[in-house]
Amino acid sequence: MEYNFKAIDRKWQQYWVENKTYRVTEDPAKPKFYVLDMFPYPSGAGLHVGHPLGYIASDIYSRFKRHQGFNVLHPMGYDAYGLPAEQYAIQTGQHPAVTTEQNISRYRGQLDKIGLSFDWSREIRTCEPEYYKWTQWAFVQMFHSYFSLPPTPSEGGGAARPILELIAAFEKNGTAGLTVACSEDLSFTAEEWNAKTEKEQQETLMNYRIAYLADTMVNWCPALGTVLANDEVSEGVSVRGGHPVEQKLMRQWCLRVSAYAQRLLDGLNALDWTESLKETQKNWIGRSEGAEIWFRLSQKNLSPAPSPQERGARPVCEDRVRFHTTDSKRWNKLETAAKLMRSHQTEAENALWQELRAKKTGHKIRRQHIVNTFIVDFISLDKGVAIEIDGRIHDNEDHKEYDAIRTQILEESGFEVIRYSNEEILQNPQFVAKKIKIYLDKKPSLTWGDCIAPLSRGEGLGERSG
């Protein structure tokens, strides 16, 4: 007897539709189970083989869980916004609303023929206001929130909190005592905050909001007329269309997703996934602190650093343990702050660090290093050079005065200070690193004679490099 699959498929598919076989309603008597597929882009003439490859596997699992007594929610929808839909409309010369509707109708027919057990009453389309109003709502929530960090990064956790709480803290205590995710480490008192104009306060808050405006390097594709994510670029060209992609500094909306890195990593431990998949996720999250070795020094071997007048003409260099420049009461606070800053570098700091680390310039350079009562962005101890990165806050007149005092104290501690702006680093970090290399190449290494130590207590003391 011949198996007439077309007739049998039509019969049962019609039965499923008429009897709402896969429609899901709330049922407290059954345990809940959620199976979600990646939504297809309705940007082509039909499904490709990769769609059923994944959908059939998840459909088998959905049916299996139903037989186990679970109340299974297995929805479907269409990712109908963005670059794929735009490009298909350009290629066909039609309005995207027309092509998207046509493609969705074709996709639905093909999915029905496969016989997948989707609850079509739950269908969503990302191009419809009923859906994207919630993405807009989520963005507004992130804009009005900041990320509160735990006291130390190793503790994990952290959570989004209302930005109004942060404003109240600024009004009362300035930045004192705060551990929050930010673009760059700012320091101001309550008096300084309250003296700011509304515009200045809003610009400062951009440094803390989870959704914020910033000048950042992006993958710009002129042919597509849009910014591309890293996974949309391969070997310098766009994955879609193979068009050239260039690095460009642009002001755009960003999300402070890196603040959630530890929470994402902690959440992996609770998932029943294979170790290989978890490892892939860990690499994608990419949280890294590097490695550090700490040598604790006995207080009895330490004595205050001599004043500039006491130094006379003696050269400044790394020297004996008896010298330090930060008192023990401030040291613990500075040490904790420096560790936190290394774990949460600004975008400009990270971009430059990737060009300076591991002696890429031929010089040993440290990041977020304590000198006197300051945490210097980058430093070459061998050459006696402090490298500072200035964000827009440094254009403020009050901050310029603070920078001048900071520079004077660093110079009195034995360091020359060179400065670069966020913008020039983000525009071309390799060029800035080359300038630093040229500058350091010209300077002689410090000698080990009768000299004093401009280093902070504990960090780098006892080293002999050069």
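Position numbers for residues count from 1 along each chain, tracking the sequence in the order it is written. For this predicted model, a pLDDT threshold of at least 70 governs which residues receive local features, and a threshold of 80 or more governs which side-chain atom pairs are given and counted, while totals over whole chains, interfaces and linings are taken from all residues. Values shown for side chains rest on all heavy atoms present in the structure; no hydrogens or waters enter the calculation.

(A) Focus on the packing of helix α13 (residues 347–356) against helix α16 (residues 429–442). Each axis is a line fitted through C-alpha atoms, taken for helices only over the stretch in contact, and angles between the N-to-C directions span 0 to 180 degrees. Each helix is a run of H or I in the DSSP string that is no shorter than four residues. Each strand is a run of E no shorter than two, and both are numbered from the N terminus. Viewed as axis vectors pointing N to C, α13 and α16 meet at an angle of 55 degrees, and their least axial separation amounts to 9 Å. When the interaxial angle is binned, α13 and α16 end up oblique. Like other packed secondary-structure pairs, α13 and α16 cross with a definite hand, here right-handed. In this structure, α13 contributes A351, L352, E355 and L356 to the contact, and α16 contributes P429, Q430, V432, A433 and I436. Of the residues in the contact of α13 with α16, the class split is seven nonpolar, one polar and one charged. Angles below 35 degrees are treated as roughly parallel, those above 145 as roughly antiparallel, those between 65 and 115 as roughly perpendicular, and all remaining angles as oblique. Crossing handedness is read from the near helix: turned anticlockwise from the far helix by less than a right angle, it gives a left-handed crossing, and turned clockwise, a right-handed one. A contact between two residues is defined here by any heavy atoms of the two lying within 4.5 Å. When residues are sorted by character, Ala, Val, Leu, Ile, Met, Phe, Trp, Tyr, Cys and Pro go into the nonpolar class, Asp, Glu, Lys and Arg into the charged class, and all the rest, Gly among them, into the polar class.

(B) Here's a closer look at the pattern of salt bridges. Put simply, a salt bridge is a Lys or Arg side-chain nitrogen that is within 4 Å of an Asp or Glu carboxyl oxygen. One pass over the full model with this rule turns up twelve salt bridges. Across the salt bridge formed by R419 and D390, the nearest N and O atoms sit 2.9 Å from each other. Remark: D390 occurs in strand β16 (residues 385–390) and R419 occurs in strand β17 (residues 416–421); sequence separation between them is 29 residues. Between buried and exposed lies partly exposed: a residue is buried under 20% and exposed over 50% of the maximum accessible area for its type, with that area taken using a 1.4 Å probe on protein chains only. Classification of D390 by relative accessible area gives buried; the value is 14%. Notably, a salt bridge pairs K435 with E424, separated by 3.9 Å at the nearest N-O pair.

(C) Just the packing of helix α9 (residues 261–268) against helix α10 (residues 275–285), in detail. Direction vectors running N to C along α9 and α10 enclose 175 degrees, while the axes themselves pass 10 Å from each other. Our classification of the angle between α9 and α10 gives roughly antiparallel. In this structure, α9 contributes A261, L264, L265 and L268 to the contact, and α10 contributes K278, Q281, K282 and I285. Considered class by class, the residues forming the contact of α9 with α10 number five nonpolar, one polar and two charged.

(D) Highlighting the pairing of β16. Burial analysis of β16 places six of its six residues in the buried class, which makes it a mostly covered element. Of the two faces of β16, both are covered, the one formed by V385, I387 and I389 as well as the one formed by A386, E388 and D390. Note: strand β15 (residues 374–380) against β16, three bridges, orientation antiparallel. Its bridge partner lying in β16, I379 is registered against A386. The criterion for strand pairing is that DSSP finds at least two bridges linking the strands in question. Count of turn residues in the β15/β16 antiparallel hairpin: four residues, of which G384 carries a positive phi of about 70 degrees. In this sheet, β17 lies alongside β16 in parallel orientation, the contact comprising six bridges. Residue pairing across strands places D390 opposite S421, the latter belonging to β17.

(E) Summary view of the sheet that holds strand β11 (residues 246–255). Read from one edge to the other, the open sheet built from three strands follows the order β8-β7-β11, with strand pairing classed as antiparallel. Each edge of the open sheet carries a strand with a single partner, namely β8 (226–228) and β11. The mean inter-strand angle of the sheet, taken between neighbouring strand axes irrespective of direction, is 60 degrees. Here ten bridges tie strand β7 (residues 211–221) to β11, and the two strands are oriented antiparallel to one another. Its bridge partner lying in β11, M217 is registered against L249.

(F) Summary view of the sheet that holds β15. Overall, mixed pairing links the four strands, which are arranged β14-β15-β16-β17 in an open sheet. The sheet is open, and its two borders are formed by β14 (366–371) and β17, each paired with just one other strand. Pairwise comparison of adjacent strand axes, ignoring direction, gives a mean angle of 45 degrees for this sheet. Relative to β17, α16 is tilted by about 165 degrees, and along the sheet it contacts β15, β16 and β17.

(G) Region of the structure containing the side chain of D382. Here D382 is to be found in the loop between β15 and β16. Only four residue types enter the charge count: Lys and Arg as positive, Asp and Glu as negative, with His and the chain ends excluded. Buried charge without a salt bridge: D382, with K383 as the nearest opposite-charge side chain at an N-O distance of 4.8 Å. A polar contact is formed between the side chain of D382 and the side chain of S445, at a distance of 3.0 Å. Polar contacts, as used here, are pairs of N or O atoms within 3.5 Å; protein pairs need one atom able to donate a hydrogen and one able to accept it. Residues neighboring in sequence count only if both atoms are side-chain atoms.

(H) Geometry of a nonpolar patch on the surface. Taken together, Y3, F5, I8, W12 and Y15 make up a surface patch of nonpolar side chains, about 530 Å² in accessible area. Examined against the element boundaries, Y3 turns out to sit in the segment before α1 (5–18). Residues enter patches when they are more than 30% accessible in relative terms and free of salt bridges; like-charged ones are connected within 9 Å and nonpolar ones (Val, Leu, Ile, Met, Phe, Trp, Tyr) within 5 Å. For the accessible areas, the method is Shrake-Rupley and the probe is 1.4 Å, while residue cover comes only from the protein chains on display.

(I) Quick look at the confidence of the model for the protein chain. What pLDDT expresses is the predictor's confidence in each residue, scored from 0 to 100. Summarising the model, the protein chain shows a mean pLDDT of 83, and 83% of its residues fall at 70 or more. pLDDT under 50 marks residues 298–325. Its contacts with residues more than four places away, or in other chains, come to 75 contacts. In the predicted structure, residues 448–466 sits below a pLDDT of 50 and forms 76 contacts with residues beyond four places in sequence or in another chain.

(J) Quick peek at the packing of aromatic side chains. Two aromatic rings from Phe, Tyr or Trp, using only the six-membered ring of Trp, form a pair when their centres are within 6.5 Å; if the ring planes differ by under 30 degrees the pair is stacked, by over 60 it is edge-to-face, and anything between is tilted. Enumeration over the complete set of coordinates arrives at 18 aromatic pairs. Each ring is checked for a lysine NZ or an arginine CZ that lies within 6 Å of its centre and within 35 degrees of its normal; such an atom marks a charge sitting over the ring. A cation sits over an aromatic face here: R63 above W16, 5.7 Å from the ring centre. Looking at K65, its charged tip hangs above the ring of F33, at a distance of 4.8 Å from the centre.

(K) Inspection of the nonpolar core at higher detail. One finds L352, L356, F378, I387, Y420, I425 and I436 to be the most contacted residues of the largest nonpolar core, which totals 19 residues. Counting only elements with at least two residues in this core, the list comes to α13, β16, β17, α15 (422–427) and α16. With five residues, α13 is the largest single contributor of residues to this core. Only buried residues count toward a nonpolar core, which is a set of Ala, Val, Leu, Ile, Met, Phe, Trp, Tyr and Cys residues joined through side-chain atoms within 4.5 Å.

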